[in-house]
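Observations on the model geometry
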Amino acid sequence: MKRIGVFTSGGDAQGMNAAVRAVVRFALNQGVEVYAIYEGYQGMVDGGDRIRPIGWSDVGGILHQGGTVIGSARCAAFRERDGRKKAVRNLVEHGIDGLVVIGGDGSLTGASVLRQEWPELINELVAEGQISPEAAGRYPQLAAVGMVASIDNDMYGTDMTIGADTALQRITDAVDAISSTAASHQRTFVVEVMGRRCGYLALMGALASGADWVLIPESPPNLDEWEAKMCQVLAQGRTMGRRDSIVIVAEGARDRHGNAISSEYVKRVLEERLGEDTRVTILGHVQRGGSPSAFDRNLSTLLGAAAVGAILETAPGDDIPVIGMRGNKITRTPLSECLDKTRAVEQAIAGHNYELAMSLRSASFREAFQTLRTLVRALPHGPDPGQRRLRLAVMNAGAPAPGMNTAARAAVRLGLDRGHVMLGVYHGFQGLIDNQIRELDWMSVNGWALRGGSELGTNRRIPSGSDFYAIARNLEEHRIEGLLMIGGWSGYEAILELHGRRNTFPAFSIPMACLPATIDNDLPGSELSVGADTALNNIVSAVDKIKQSAVAARRAFVVEVMGQYCGYLALMSALATGAERVYLPEEGVTLRDLQADVEQLIKGFKQGKRLGMMIRNEKASQTYTTDFMCALFEEEGDKLFDVRTAILGHIQQGGSPTPFDRIMATRLAANCVAYLESQIGQEEPKSACIGLQNGRLGFTDLEDVPRMLDRRFRRPKEQWWLSLRPIARVLAQPGPEDVAV
Ligand code: ADP
């Protein structure tokens, strides 16, 4: 394969640019030319200079931009056979051997139709003399790969579609803002979000923002009088002291009979039945707008890189592989399967078979829906028959991480809902030593979902010596039967200490669960920890701003980011901002590295580059500090450019958690409560840490944890994300000077 065409099509989605950039650069890196097809299928039908070469530097500086720089369109002509015939002629004319399609299910359906018709369209074009038989011989079949870009996250074949995470951020930001004004006036708001056939954004938006009711297409309220139920829950919430009420409605929400439920209708119901001042906000295109999130940039980049690999391996005529992501693994699924399974959900909804529609959605979607139903209930409904009332304690430990409160809130409410007594331990292990333990009720965690920091209070204290006696006494005094620790490295260490002493102190023989919450992402048993996504987004938006500040001068930056001895934040932020160099504690820094980097910088600036961006983890090297590196680059840079440092510091830990962190915190907390329940009463109750393992929830027995740790560097021995380093390296190269142009 010598030349590929790349295009973006259908509704735009944040992250499309990152995908185009990765496709272009990886293809060029493999010696394959790339043509951009501007304005999606419209450009393919029009041909001419709408199909033209795109080079390495053409895709520079676009990572942070929303929308798509190569344009997107809905194209009626391509829906007609005649339009597709023109497209085939244009592709052949431009010598394009393969296509990379970035779009939603409509765009991918278009590609599928084109692939099927290709041979006959080629024959017709030859018969009509529009292309030569030789050209036809070179393109007997169409080779293509696809990536799903759609803010709705409505397609089978990938856990997340490009754009969904950013859209969810827009929604969560908006609902957070609305909540505060709603609370001031004790108003009710109905917020309508996108999603005609998929309730993902509405459901996850509700879960992340702590909304009080949600209406989605897949699961209409299971009763005719759903209006009464909704009003009852909202009214109960008011009685309990909740000041704001928020209902999220998906665009495609419907009742059991398939009748649309509009946001205006919900407003009328609330006004008439509750007599509440109710407002409607339709979020609309705000959800598509703005700069892509760190996750969307990196998802698109990884998919784009994998798409190039896939198209080089695809034989003409093969089914189109859809490049997706499950957990943190890249997958290829035949397009026909993706389309069939996606349509099956739509058909189930259209046929009012909602149980089937829900069952066809992913397990995490169903689980999220169940969790939400419990969380919105204004009053705990009490234990299931046969479930004993337990006494569970919840605490934070380690440095504060955004999402800690979300996890604590979810654990407390889900525990109360199961009929348990929920105790809050204040100020981490210090509070457990000092007996700062209080019972928490439903409303005591109200509003915690979106608050950064730690409401319970947290610190890095690890108990030692006589502390253990004090802790044992307090656990016994409060008759604590299970302990949930939401925190970072020192919290894990402390729990291991208690667990290791359970033979000496019977009070420690209770099940304990560790929920990973630290921005550093350096914990065992989980690929991601709660807080890391927020920190990553904080870094990425800071680096975007730093880059803008530099446009006037020729300047290089050394940006120092947190992470302790784990380079996760450094690498992922470098990938998401297009930094040219990243310094990781896992690799260290040598003088030879620095020399090569200086030379690279000088070469780049001599060739007219205006900005250099280097990201350095705070502990990448003890000797070559951020200041040292800055001084070295400045001195050796020979007045070609100046160098500045930016130490991002605690802004990385702060702020409201991202929806991703809130949702993960909620899911993990729900599962921890269930885990503690399952262990209490066992003859030898177990303790564990919970986490995401290849994207799925899993528990690691505490017994197995010590051998997973690299104690010297306070990080796990195995870190999955290290395998992404080569991708960052390829993209950050100065680039073979515009080979394709
Ligand atoms: P999305 O890709 O975001 O789902 P659309 O459904 O609007 O967006 O599809 C984008 C474009 O893909 C359409 O404007 C059309 O050109 C093409 N397309 C969609 N469905 C088909 C189809 N069944 N046959 C041929 N082309 C199609």
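Residues numbered from 1 in each chain as written. Predicted model: local features only at pLDDT ≥ 70, side-chain atom pairs only at ≥ 80, totals over all residues. Heavy atoms only, no water.

**A few points about the layout of surface pockets**
Its boundaries defined by the atoms lining it, the second largest pocket holds a volume of some 1300 Å³. Lining the second largest pocket are 45 residues, and of these Gly578, Glu580, Lys609, Ala732 and Gln733 sit closest to its centre. Those elements that place two or more of their residues in the lining of the second largest pocket are helix H1 (16-29), helix H18 (532-549), helix H19 (568-577), strand S18 (581-583), helix H20 (591-606), strand S19 (611-617) and helix H23 (725-732). Classifying every residue of the lining of the second largest pocket by side-chain character gives 18 nonpolar, 13 polar and 14 charged. Viewed by domain, the lining of the second largest pocket spans two of them, domain 1 (3-161 + 292-327) and domain 4 (543-655), each represented by three or more residues. (1 Å grid on protein atoms, 1.4 Å probe; cavity = no way out; pocket = protein on both sides within 12 Å on 5 of 7 lines; lining within 4 Å. Points joined across faces, edges and corners; volume = space filled by probe spheres on them. Helix = DSSP H or I, 4+ residues; strand = E, 2+ residues; numbered from the N terminus. Nonpolar A, V, L, I, M, F, W, Y, C, P; charged D, E, K, R; others polar. Domains from an automatic or database assignment.)

**As for the domain arrangement of the protein chain**
Taken domain by domain, the protein chain consists of domain 1 (3-161 + 292-327), domain 2 (164-287), domain 3 (391-530 + 657-715) and domain 4 (543-655). Taking the mean C-alpha position of each, domain 1 and domain 2 sit 37 Å from one another. Contact residues are listed per partner, giving 13 residues for domain 1 and 13 residues for domain 2. Both sides together, the interface formed by domain 1 and domain 2 hides about 1100 Å², and carbon and sulfur atoms give 49% of it. (Contact = heavy atoms within 4.5 Å. Buried area = accessible area lost by both parts, 1.4 Å probe.)

**A closer look at the site of the ligand**
What surrounds the ligand is a group of 16 residues, the closest being Arg74, Cys75, Gly104, Gly106 and Ser107. Taking Cys75, its main chain carries an N or O atom lying 2.7 Å from an oxygen atom of the ligand. Residue Gly104 places a main-chain N or O atom 3.0 Å away from an oxygen atom belonging to the ligand. Looking at the shell around the ligand, the element that brings in the most residues is helix H4 (residues 105-127), giving six residues. For the shell around the ligand, the class distribution of residues is four nonpolar, eight polar and four charged. (Near = heavy atom within 4 Å. Polar contact = N/O pair within 3.5 Å; in protein donor to acceptor, adjacent residues only side chain to side chain.)

**Some details on the pattern of salt bridges**
Counting across every chain of the model gives 40 salt bridges. A salt bridge links Arg238 to Glu276; the shortest N-O distance between them is 2.9 Å. With Arg238 in helix H8 (residues 226-239) and Glu276 in the loop between helix H9 (263-274) and strand S9 (278-282), the pair connects residues that are 38 residues apart, well separated along the chain. Taking the shortest distance from any N to any O, the salt bridge between Glu497 and Arg501 comes out at 2.7 Å. For Glu497, a relative accessible area of 29% corresponds to the partly exposed category. The class for Arg501 is partly exposed, based on a relative accessible area of 28%. A single salt-bridge network, built from bridges that share partners, covers Arg81, Lys85, Glu120, Glu124 and Glu128. (Salt bridge = Lys/Arg side-chain N within 4 Å of Asp/Glu carboxyl O. Buried < 20%, exposed > 50% of the residue type's maximum accessible area, 1.4 Å probe, protein only.)

**Regarding the packing of aromatic side chains**
Taken as a whole and judged by the stated rule, the model has 14 aromatic pairs. With centroids separated by 4.4 Å and ring planes inclined at 20 degrees, the aromatic side chains of Tyr675 and Phe699 adopt a geometry described as stacked. Remark: Phe699 occurs in strand S22 (residues 696-701) and Tyr675 occurs in helix H22 (residues 659-679); sequence separation between them is 24 residues. According to the relative accessible area criterion, Tyr675 is buried, its value standing at 10%. Site record: aromatic cluster; members linked through ring pairs are Phe468, Tyr469, Phe505 and Phe508. For Lys609, the ring lying beneath its charged end belongs to Phe605, and the centroid distance is 5.8 Å. For Lys619, the ring lying beneath its charged end belongs to Tyr565, and the centroid distance is 5.6 Å. (Phe/Tyr/Trp six-rings, centres within 6.5 Å; stacked < 30°, edge-to-face > 60°. Lys NZ or Arg CZ within 6 Å of the ring centre and 35° of its normal.)

**Overview of the sheet that holds strand S6 (residues 188-193)**
Ordered by their spatial adjacency, four strands build an open sheet running S7-S8-S6-S9, and the pairing between neighbours is parallel. The open sheet has two free edges, formed respectively by strand S7 (213-215) and S9, since each of these has just one partner strand. For this sheet the average axis-to-axis angle between neighbouring strands, irrespective of direction, equals 20 degrees. Here S7 runs beside strand S8 (residues 245-250); their pairing, made up of three bridges, is parallel. (Pairing = 2+ DSSP bridges. Axes fitted to C-alpha atoms, helices over the stretch in contact; angles between N-to-C directions.)

**Re the sheet that holds S18**
The parallel open sheet is built from four strands, whose spatial order is S18-S19-S17-S20. For this open sheet the edge positions go to S18 and strand S20 (642-647), each flanked by a neighbour on one side alone. Geometrically, the sheet is characterised by an average inter-axis angle of 20 degrees between neighbouring strands, direction not taken into account. Note that S18 and S19 share three bridges and pair parallel. Residue Tyr583 lies in a different strand from S19, and its bridge partner there is Arg616.

**Focus: the nonpolar core**
Judged by nonpolar contacts, the single largest core of 167 residues is most densely connected at Val100, Met147, Val266, Leu515 and Val559. By size, the runner-up hydrophobic cluster in this structure holds 36 residues, among which are Ile51, Val88, Ile96 and Leu108. (Core = buried A, V, L, I, M, F, W, Y, C linked by side-chain atoms within 4.5 Å.)

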